[in-house]
Amino acid sequence: MAEDAWNTQDPEKVSKAYTLDSEWRNRSIFLNGREAIVKFLTTKWENEHQYKLKKELWAYTDNRIAVRFEYEYQNNEGNWFRAYGNENWEFDQNGLMQKRYASINDVPIRKEDRKL
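Okay, so let's go over this structure. (Residues numbered from 1 in each chain as written. Predicted model: local features only at pLDDT ≥ 70, side-chain atom pairs only at ≥ 80, totals over all residues. Heavy atoms only, no water.)

Thoughts on the pairing of strand β5 (residues 80–91)
Moving on, step 1. Most of β5 is tucked away: 9 of the 12 residues are buried.
Moving on, step 2. The hairpin turn running from strand β4 (residues 64–74) into β5, its antiparallel successor, is 5 residues long, and G78 in that turn takes a positive phi close to 95°.
Moving on, step 3. Sheet topology places β5 next to strand β6 (residues 97–109); 12 bridges connect them, and they run antiparallel. Residue pairing in the sheet places N86 in a bridge with S103 of β6.
Moving on, step 4. The antiparallel pairing of β5 with β6 creates a hairpin that spans 5 residues between the two strands, and G95 there sits at a positive phi of about 85°. (Buried < 20%, exposed > 50% of the residue type's maximum accessible area, 1.4 Å probe, protein only. Helix = DSSP H or I, 4+ residues; strand = E, 2+ residues; numbered from the N terminus. Pairing = 2+ DSSP bridges.)

Description of the pattern of salt bridges
Moving on, step 1. If you walk through the whole model with that rule in mind, you get 13 salt bridges.
Moving on, step 2. Linking R82 and E72 is a salt bridge whose minimum nitrogen-to-oxygen distance equals 2.8 Å. Of the two residues, R82 sits in strand β5 while E72 sits in strand β4, which places them 10 residues apart along the sequence. Take R82 and E72: they sit in the same class, and that class is buried.
Moving on, step 3. One salt-bridge network, in which partners are shared between bridges, spans K55, E87 and R100. (Salt bridge = Lys/Arg side-chain N within 4 Å of Asp/Glu carboxyl O.)

These results come straight from atomic positions and should not be treated as a statement about function.
Have a look at this one:
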């Protein structure tokens, strides 16, 4: 469901999976709360076009999950990238994500090398 939501590139829809005071680390950016998440994702997808994400469950226990992911996008200059990373998620008692920590690396690719 997370993969499907992120692939809509709809910040409001994506933010509904997180607690009102959700804590994020995305690369070197630290965020708190849904409003900050919506603002961050809005800016992200204004700069990442033709975005396509694929997630894979890595491990889980109790209320925590680890996933690996890759996504591809084209920036405003027309250059293509594939981003690789890992996320650690922690959920509250209602199933909303209260913590998301993402480590991400971007690799330039040629359009013809796209996989997603």
